[in-house]
Amino acid sequence: QVQLVESGGGLVQPGGSLRLSCAASGTMFSINVMGWYRQAPGKQRDLVATFTSGGSTNYADSVKGRFTISRDGAKNTVYLQMNDLKPEDTAVYYCNAEFRWRTYWGQGTQVTVSS
């Protein structure tokens, strides 16, 4: 059983930056895919970015050039550096892990972009 713990959310002004972290526990093996999704009020949960154990990354078009996902494979930890934040980035951000044909979610961390 994999557990995911996120940290790093908060309130930031437009144009500001935040860094999210997600640490996985419960396995000694490298997790296949780790990533971030977000869900704004009244909307579905959408992909933000993913990072595979092979080193491939994938980004939503809306965050390309502003967000960077990185990963410490040895620690099964994934980060999301968010720059040039916009009000439309406001959402609950969820860490996601795909491991041995199962999907795991963190509890979510709120990111609010507002002046």
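The present account deals with the structure reproduced in this document.

1. Some words on the state of the cysteines
So, point 1. This model, assessed by the stated rule, comprises 1 disulfide.
So, point 2. Disulfide partner of cysteine 22: cysteine 95, at an S-S distance of 2.0 Å. Measuring handedness by torsion sign, the sulfur bridge of cysteine 22 and cysteine 95 sits at about -85 degrees and is left-handed. Taken together, the residues span a long stretch of sequence, with cysteine 22 in strand E3 (residues 18-25) and cysteine 95 in strand E9 (residues 91-99) at a distance of 73 residues.
So, point 3. The class for cysteine 22 is buried, based on a relative accessible area of 0%.
So, point 4. With a relative accessible area of 0%, cysteine 95 lands in the buried category.

2. Overview of the pairing of strand E7 (residues 67-72)
So, point 1. Here E7 shows a clear split, with Phe67, Ile69 and Arg71 buried on one side and none of Thr68, Ser70 and Asp72 buried on the other.
So, point 2. Two elements, E7 and strand E8 (residues 77-82), share 6 bridges in a ladder whose sense is antiparallel. Bridge pairing in E8 places serine 70 opposite tyrosine 79.
So, point 3. Hairpin connection, E7 to E8: the antiparallel pair is bridged by 4 residues, and asparagine 76 has positive phi, about 50 degrees.

3. Here's the deal with the sheet that holds E7
So, point 1. Taken in spatial order, the 4 strands make up an open sheet running E1-E3-E8-E7, and their pairing is antiparallel. Each edge of the open sheet is held by one strand with a lone partner, namely strand E1 (3-7) and E7. Across the sheet, the axes of successive neighbouring strands diverge by a mean angle of 15 degrees, strand direction being ignored.
So, point 2. When E3 meets E8, the two strands line up antiparallel, connected through 6 bridges. Paired with cysteine 22 across the bridge in E8 is valine 78.

4. Some words on the pattern of salt bridges
So, point 1. All told, the structure shown has 3 salt bridges when counted by the stated rule.
So, point 2. Lysine 64 is the partner of aspartate 61 in a salt bridge, and the nearest nitrogen-oxygen pair spans 3.1 Å.
So, point 3. Given the relative accessible area of 64%, aspartate 61 is considered exposed.
So, point 4. Here arginine 66 and aspartate 89 are joined by a salt bridge, their closest N and O atoms 2.7 Å apart. Remark: aspartate 89 occurs in the loop between E8 and E9 and arginine 66 occurs in the loop between strand E6 (57-59) and E7; sequence separation between them is 23 residues. Residue arginine 66 shares its accessibility class with aspartate 89, and that shared class is buried.
So, point 5. Each of Arg38, Arg66 and Asp89 takes part in salt bridges that share partners, so that together they form one network.

5. Quick notes on the nonpolar core
So, point 1. Within the largest apolar cluster, 31 residues are counted, with the highest numbers of intra-cluster contacts made by Leu4, Met34, Trp36, Leu80, Met82 and Tyr93.
So, point 2. Broken down by secondary-structure element, the contributors of at least two residues to this core are E3, strand E4 (33-39), strand E5 (46-52), E7, E8, E9 and strand E11 (109-113).
So, point 3. Here this core takes 5 residues from E9, the largest share from any one element.
So, point 4. In this structure leucine 4 touches Cys22, Ala23, Ala24, Met34, Cys95, Asn96, Ala97, Tyr104, Trp105, Gly106 and Gln107, once residues within four positions along its chain are discounted.

How each quantity is defined
- Residues numbered from 1 in each chain as written.
- Predicted model: local features only at pLDDT ≥ 70, side-chain atom pairs only at ≥ 80, totals over all residues.
- Heavy atoms only, no water.
- Disulfide = S-S within 2.5 Å.
- Helix = DSSP H or I, 4+ residues; strand = E, 2+ residues; numbered from the N terminus.
- Buried < 20%, exposed > 50% of the residue type's maximum accessible area, 1.4 Å probe, protein only.
- Pairing = 2+ DSSP bridges.
- Axes fitted to C-alpha atoms, helices over the stretch in contact; angles between N-to-C directions.
- Salt bridge = Lys/Arg side-chain N within 4 Å of Asp/Glu carboxyl O.
- Core = buried A, V, L, I, M, F, W, Y, C linked by side-chain atoms within 4.5 Å.
- Contact = heavy atoms within 4.5 Å.

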